[in-house]
Amino acid sequence: MGGCACSQPGVPPALENVEVVANDRVASGVGLVVLHAPRTAATVRPGQFVHLRISRESAALLRRPFSVHRVRGERIEILYQVLGTGTRLLAERGAGEEMDLIGPLGHGWEIPPGITHALLVAGGLGAAPLGMLAEELAARGVAVTVALGAPTEERLIARDLFETVARRFETATDDGSCGVEGFVTGVCESLLADEALDLVYTCGPEQMQRIVAAQAAEAGVSCQVSLERLMACGIGACLSCVVRTNEGQKRACVDGPVFDAATLLWDRSEIL
Amino acid sequence: MREGVTHTVDMSVKLGNLILRSPVLTASGTFASGREFADFVDLERLGGLVTKGVSLEPWEGNPAPRIAETPSGMLNSIGLQNPGVEAFCKKDLAWLAGVDVPVIVNVSGHTVAEYVGVIERLESEPRVDGYEVNISCPNVDSGGMAFGTACVPAGEVTRACRAATRRPLIVKLSPNVTDVAEIARAVAGAGADAISLINTLLGMAIDTGTFRPRLARVVGGLSGPAIKPVALRMVWQVAHAVDVPVIGMGGIMDAEDAAEFMLAGASAISIGTANFVDPTTSMRVSDGLAEFCRARGIRRVSELTGALRT
Ligand SMILES: Cc1cc2nc3c(=O)[nH]c(=O)nc-3n(C[C@H](O)[C@H](O)[C@H](O)COP(=O)(O)OP(=O)(O)OC[C@H]3O[C@@H](n4cnc5c(N)ncnc54)[C@H](O)[C@@H]3O)c2cc1C
Ligand SMILES: Cc1cc2nc3c(=O)[nH]c(=O)nc-3n(C[C@H](O)[C@H](O)[C@H](O)COP(=O)(O)O)c2cc1C
Ligand code: FES
């Protein structure tokens with residue numbers, strides 16, 4: 001539904017009542033919430049997201065979009081950074097509490113047939129939507145190289161998952177506490193030179209994604225990016241989440257959040 | 001709750017010469033043309049579907065960020081982004097051909113001629129059941145709200161649109177005025193069959209971390225529960241000022257809210273921002289309104305209209 005002429009028909013989204021199974025702090029300011037969400041767990045694809053109603057209080061009215069990080073049986077896992085009202089409330093939710101979500105939503109990562117080696121570049125919480133993708137690629141026999149960046153070693157998100165599935169795993173930290181000292185874009189550049197890659201997938205701060213996309217383009221490798229936009233409806237109706245592309249304005253919630261970097265008109269697009 | 005009260009409630013309402021099966025409509029710009037909600041809502045149970053604003057030519061809308069959440073509400077400055085009336089006919093109306101629900105097209109323009117142009121183009125489209133003329137959008141530089149904040153231009157647009165169609169003509173009013181009753185009288189006098197209100201209240205929010213406005217366009221329209229008391233007051237004032245039916249909206253989240261608007265004088269109500277929070281709100285409100293009446297022994301929902309005791 002949603003009128004998107006995408007190559008991922010998928011299942012239509014639904015409203016699902018979910019229960020918190022666990023909610024733990026995984027790094028400073030970062031939590032991992034596990035939700036019992038059988039319908040979403042059975043149908044979500046890598047790169048898709050859910051629109052979560054964290055509170056029924058009307059003071060924080062709107063839902064909040066979060067990528068599905070991993071699926072385990074009937075459970076989905078969401079990695080979240082505590083930023084404002086909504087994520088602070090989310091951090092307070094404990095096991096047994098109920099919420100509802102709309103999902104699965106959006107156009108996720110494309111895995112073109114025949115690819116043999118993919119590079120995943122994540123900055124900070126950008127690791128969230130890349131978790132499911134890394135697992136899916138590995139399950140399909142695609143070699144996965146991961147470049148993960150964060151301010152400090154403690155903030156390297158989802159390191160265990162990536163270390164398990166990746167054939168090669170590199171890190172960059174601002175303080176040099178783990179891996180290369182500096183930005184993950186530096187690691188990306190050397191991996192693009194070193195490895196024979198078919199595709200780059202990236203998520204993180206938009207400025208980082210722009211650099212990664214430019215590096216991939218320079219190396220002649222195609223690149224998919226996952227963009228964040230403020231979202232009201234999450235289902236394609238309100239036009240609050242527009243992204244400028246060479247095919248006109250697109251909606252991040254249904255046409256994205258994943259876009260082929262080559263289609264984006266970065267200069268005029270919003271950077272959150 | 002009275003024992004043994006099981007009668008069915010007549011949910012139909014009259015809006016001029018339009019008979020609707022339910023008083024629950026969707027508010028323009030919050031429901032697109034219904035397609036995105038088809039997974040959540042039985043569209044054929046709506047009293048009517050009010051489309052996103054349609055203009056003569058495609059409009060790009062405003063730069064992002066276009067929304068900001070505020071206490072119990074949200075600001076938007078979408079700016080009436082739409083692909084123009086031609087694309088609307090080809091895509092949206094074509095899709096709606098398969099859905100049995102009254103379609104009210106929300107019409108926008110920068111000039112009187114543009115409003116009339118949209119209506120003229122739609123007159124030959126059988127899938128259109130009526131028009132809602134938006135003279136109250138706070139998010140465009142010319143036209144829009146400029147027409148809705150003074151009596152003379154409000155009357156002019158209404159008269160010109162009236163001359164272009166015999167279909168039901170609703171005019172949507174802005175709350176950003178000193179005396180809403182005066183504007184209501186002007187558009188009723190110029191031939192409007194019904195009046196809808198309120199559109200969004202002009203507002204603003206600032207990010208104190210960056211010293212920047214939270215909307216790229218600086219100001220935008222406030223909607224949601226935060227505006228409900230203002231909307232209710234204005235619906236009450238307009239219902240007293242004119243003889244034409246009133247469609248009430250502004251922060252309706254549940255059936256109790258809807259009942260309040262009807263008691264204040266609305267013949268029908270629209271669900272806006274609540275569609276984003278819970279995409280099934282329109283169904284919840286329809287069921288809830290019927291239950292509200294049943295529990296009080298009210299046989300026709302239309303009996304609520306203006307039943308306020310003062
Ligand atoms: C498709 C998609 C997937 C996302 N996945 C994740 C995820 O897996 N983990 C995660 O932690 N976050 C994710 N986000 C971002 C997340 O939605 C926001 O961080 C969250 O809504 C902030 O809510 P809040 O109430 O805590 O903050 P608010 O008080 O609303 O805002 C605090 C700050 O966060 C910014 N912000 C608010 N909403 C967004 C947004 N949608 N995108 C970017 N910045 C925003 C605001 O501009 C402000 O500076 C995703 C966003 C999108 C669009
Ligand atoms: C995102 C958004 C887009 C809107 N677009 C339109 C529009 O195109 N035309 C119009 O007449 N009103 C538009 N409105 C106003 C609503 O139809 C409604 O009048 C207003 O939001 C108040 O109702 P609510 O509080 O229930 O949302 C829009 C409102 C929102 C929130
Ligand atoms: S969030 Fe409403 S259209 Fe994307």
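That block above? That's the structure.
A short tour of the structure in this document, coming up. (Residues numbered from 1 in each chain as written. Chains lettered and ligands numbered in written order. Predicted model: local features only at pLDDT ≥ 70, side-chain atom pairs only at ≥ 80, totals over all residues. Heavy atoms only, no water.)

Okay, the environment of Arg309(B) next. Take Arg309(B): it is sitting in the segment after helix H9 (281-295). Measuring from C-alpha to C-alpha, the distance between Arg309(B) and Arg296(B) comes to 15 Å, with 13 residues separating the pair along the chain. (Helix = DSSP H or I, 4+ residues; strand = E, 2+ residues; numbered from the N terminus.)

This paragraph deals with the packing of aromatic side chains. Summed over all chains, the structure comprises three aromatic pairs over all chains. Here Trp109(A) and Tyr201(A) contribute two aromatic rings whose centre-to-centre distance is 5.5 Å and whose plane-to-plane angle is 85°, an arrangement assigned as edge-to-face. Placement of Trp109(A) in the loop between strand S7 (98-105) and strand S8 (117-123) and of Tyr201(A) in strand S12 (residues 199-203) is noted, with a sequence separation of 92 residues between them. Geometrically, the ring pair formed by Tyr115(B) and Phe147(B) is edge-to-face, given 5.5 Å between the ring centres and 85° between the ring planes. You can see Tyr115(B) sitting in helix H2 (residues 112-122) and its partner Phe147(B) sitting in helix H3 (residues 145-148), a full 32 residues away along the chain. Here Tyr115(B) matches Phe147(B) in class, with each residue buried. (Phe/Tyr/Trp six-rings, centres within 6.5 Å; stacked < 30°, edge-to-face > 60°. Buried < 20%, exposed > 50% of the residue type's maximum accessible area, 1.4 Å probe, protein only.)

Moving on to the interface of chain A and chain B. Many descriptions give the size of an interface as the accessible area lost when the pieces come together. On the side of chain B, 34 residues touch chain A, which itself brings 32 residues to the contact. Summing both sides of the interface, chain A and chain B together bury roughly 2,700 Å²; the carbon and sulfur share of this comes to 62%. Connecting chain A to chain B are three salt bridges. Between chain A and chain B we count eight residue pairs in polar contact (both at pLDDT 80 or more) in total. Elements with a minimum of two residues in the side of chain A that touches chain B: strand S1 (14-27), strand S14 (242-245) and strand S15 (248-251) of chain A. Taken together, the residues of the side of chain A that touches chain B sort by class into 19 nonpolar, six polar and seven charged. (Contact = heavy atoms within 4.5 Å. Buried area = accessible area lost by both parts, 1.4 Å probe. Salt bridge = Lys/Arg side-chain N within 4 Å of Asp/Glu carboxyl O. Polar contact = N/O pair within 3.5 Å; in protein donor to acceptor, adjacent residues only side chain to side chain. Nonpolar A, V, L, I, M, F, W, Y, C, P; charged D, E, K, R; others polar.)

Residue and element names in this part refer to chain B. The environment of ligand 2 is made up of 23 residues, and the closest members are Ser28, Lys172, Gly224, Gly251 and Thr273. Between Ile198 and ligand 2, the recorded distance is 2.9 Å, taken from a backbone N or O atom to an oxygen atom. Between ligand 2 and Gly251 there is a distance of 2.6 Å, counted from an oxygen atom to a backbone nitrogen or oxygen. Burial of ligand 2 by the protein amounts to 98% of the accessible area it has alone, namely 600 Å². The cavity where ligand 2 resides is the largest cavity. In terms of residue class, the shell around ligand 2 is built from six nonpolar, 15 polar and two charged. (Near = heavy atom within 4 Å. Areas by Shrake-Rupley, 256 points an atom, 1.4 Å probe, with all protein chains shown as cover. 1 Å grid on protein atoms, 1.4 Å probe; cavity = no way out; pocket = protein on both sides within 12 Å on 5 of 7 lines; lining within 4 Å. Sits in = over half its atoms within 2 Å of the grid points.)

Now for the site of ligand 1. Residue and element names in this part refer to chain A. Close contacts around ligand 1 come from 21 residues, with Arg64, Pro65, Leu79, Gly86 and Thr87 the closest. Within the backbone of Gln81, a nitrogen or oxygen atom sits 2.8 Å from an oxygen atom of ligand 1. In isolation ligand 1 offers 840 Å² of accessible surface; the protein chains occlude 80% of this area. Per-element accounting of the shell around ligand 1 gives the leading share, four residues, to strand S4 (residues 64-67). A per-class count over the shell around ligand 1 returns 12 nonpolar, six polar and three charged.

Okay, the sheet that holds strand S7 (residues 103-107) of chain B next. Residues and elements named next belong to chain B. Read around the closed barrel, the eight strands follow the order S3-S4-S7-S8-S9-S10-S15-S16; overall the barrel is parallel. Pairs of neighbouring strands in the sheet enclose a mean axial angle of 25°, with direction left out of account. Of the strand pairs in this sheet, strand S8 (residues 130-134) and strand S9 (residues 169-172) are connected by four bridges, and their pairing is parallel. Its bridge partner being in S9, Glu132 is matched across the sheet by Ile170. Against the sheet, helix H4 (residues 151-164) engages S8 and S9, with an angle of about 160° to S9. (Pairing = 2+ DSSP bridges. Axes fitted to C-alpha atoms, helices over the stretch in contact; angles between N-to-C directions.)

Generally speaking, soluble globular proteins have nonpolar side chains that are buried together. By size, the foremost hydrophobic cluster in this structure holds 136 residues, and its most contacted members are Leu122(B), Ile135(B), Leu173(B), Leu197(B) and Ile269(B). With 33 residues, the next largest nonpolar core counts Leu32(A), Leu133(A), Ala166(A) and Cys178(A) among its residues. (Core = buried A, V, L, I, M, F, W, Y, C linked by side-chain atoms within 4.5 Å.)

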